[in-house]
Structures are given as C-alpha cells and as structure tokens.
Amino acid sequence: MKKNSLQELGWALGVMLLPVLYAVWIYPTLPENLAIHFDLSGKGNAFLPKFLVVSAFPIVMMLLEVMIYWTTIAKDILNRTFKHFIRWIIPFTFVSLYLATIYRGLNEEFDIRKIVAMVVALVFIIVGNYLPKKVQADKQPLNRKWAYLCLLFGLVLMLVSLFML
C-alpha cells in the first residue's frame with residue numbers, strides 16, 4: 001500500500017472509532033438490548049445485547065473497510081474521486097447509522113427511518129452520478145438511462161424522507 005492509502009485508511013478508521021467512543025461513554029445508560037433492524041413502521045424487530053452492538057459491530061465494519069481499501073488498491077480505479085467515494089462510503093454510512101441506532105436505544109420516539117432513507121437516497125444520487133463515467137480501464141461505463149434512473153430514485157427518496165416520513 002502507498003503511504004497516502006495507509007493515511008487515508010487511518011483517517012477512515014479514526015472517523016469510525018469516534019461514535020464507538022461515544023457509545024462506550026454512554027454505555028451504562030443504554031438498554032440491555034438494542035434494536036439493530038426495524039420494520040417499515042419504525043419498530044425494532046431484531047435485537048442484540050448492547051455489548052455486541054457497541055463492540056462487535058464496529059469491529060466487523062472496520063474489517064469491511066480494510067477489505068474495501070485493499071480491493072481499491074488491488075483493482076486500479078481510474079477516477080480518483082470515485083475511488084475516494086468507494087473508500088468513504090462505509091465510514092459515512094457506519095457513523096450515520098451507528099449513531100442513529102445508539103440514539104434510538106436512548107430515545108424510543110426517534111424515527112430512524114428518516115436517517116436510513118436519507119443515507120440510501122444519497123448513495124443512489126452519488127452512484128447515479130458515477131454510472132456513466134469510466135472508472136476502470138477494463139470496464140465500459142453503463143448507459144446514461146441507468147444513471148438517470150438512479151438519480152431520479154435517489155431524489156424521490158430524499159424528498160419522501162424529508163417531507164413524508
């Protein structure tokens with residue numbers, strides 16, 4: 001790995017560690033079981049002990065981040081911006097959803113659906129932006145129609161999450 005890649009990996013893992021430190025700090029106030037999956041109405045339907053949510057889940061996500069970094073180095077990506085997007089999508093979504101999960105454990109009234117819908121919409125918008133661009137030397141970009149479909153779906157989902165949820 002190049003020095004820049006290791007430095008960027010360090011920053012990404014550091015960003016992912018910040019909400020974990022917050023969760024450790026408020027650990028005594030968390031309920032014994034935290035919801036990790038929610039149905040469409042926003043009620044938790046899968047639970048894990050708080051120890052696993054605070055410790056094991058971040059470790060798995062950090063290992064996934066290391067694997068993504070290794071993959072982006074092994075497979076050359078032409079578009080630098082897309083490479084950074086791929087490398088930072090896991091830390092961004094992890095921090096957003098991990099903090100939402102922790103806050104949901106503290107406050108039953110918190111509507112986690114809005115956060116999840118916004119994160120998914122943002123990913124669709126960004127992916128729709130990169131679909132028609134050439135990002136790898138041996139791969140052809142996808143048709144612009146797929147990009148417009150992703151952008152449209154992302155924008156509609158963002159509007160729904162902002163105004164209807």
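Structural data are supplied above this passage.
Cut-offs applied
Residues numbered from 1 in each chain as written. Predicted model: local features only at pLDDT ≥ 70, side-chain atom pairs only at ≥ 80, totals over all residues. Heavy atoms only, no water. Pairing = 2+ DSSP bridges. Helix = DSSP H or I, 4+ residues; strand = E, 2+ residues; numbered from the N terminus. Salt bridge = Lys/Arg side-chain N within 4 Å of Asp/Glu carboxyl O. Buried < 20%, exposed > 50% of the residue type's maximum accessible area, 1.4 Å probe, protein only. Expected span 1.5 Å × (residues − 1).

Whenever I open this one, the pairing of strand β1 (residues 33-38) confuses me. Can you help?
One ladder, built from 5 bridges, connects β1 with strand β2 (residues 44-49); its direction is antiparallel. Looking at β2, one finds that A35 is bridged to F47. Adjacent in sequence and paired antiparallel, β1 and β2 are bridged by 5 residues, among which G42 carries a positive phi angle near 95 degrees.

Looking at this structure, I do not really get the pattern of salt bridges. What am I missing?
Side chains that differ in charge, positive against negative, can pair when their charged atoms come close. By the definition in use, this model includes 4 salt bridges. A salt bridge links E8 to R87; the nearest nitrogen and oxygen atoms lie 3.0 Å apart. Within this pair, whereas E8 is found in helix α1 (residues 3-25), its partner R87 is found in helix α3 (residues 80-106), the two being separated by 79 residues in sequence. Taking the relative accessible area as the measure of exposure, E8 reaches 12% and is therefore buried. The exposure class of R87 is buried, given its relative accessible area of 3%. Salt-bridge contacts for D111 lead to R113; the nearest nitrogen and oxygen are separated by 2.9 Å. Look at D111 and you get partly exposed, because its relative accessible area is 26%. Assessed through its relative accessible area of 26%, R113 is described here as partly exposed.

What exactly am I supposed to notice about helix α4 (residues 112-130) here?
Since the α-helix turns once every 3.6 residues, residues separated by three or four places project in the same direction. Compared with an ideal rise of 1.5 Å per residue, which puts 19 residues at 27 Å, α4 spans 28 Å between its outermost C-alpha atoms and is within 8% of the ideal. Buried within α4 we find I112, A117, V119, A121, G128 and Y130.

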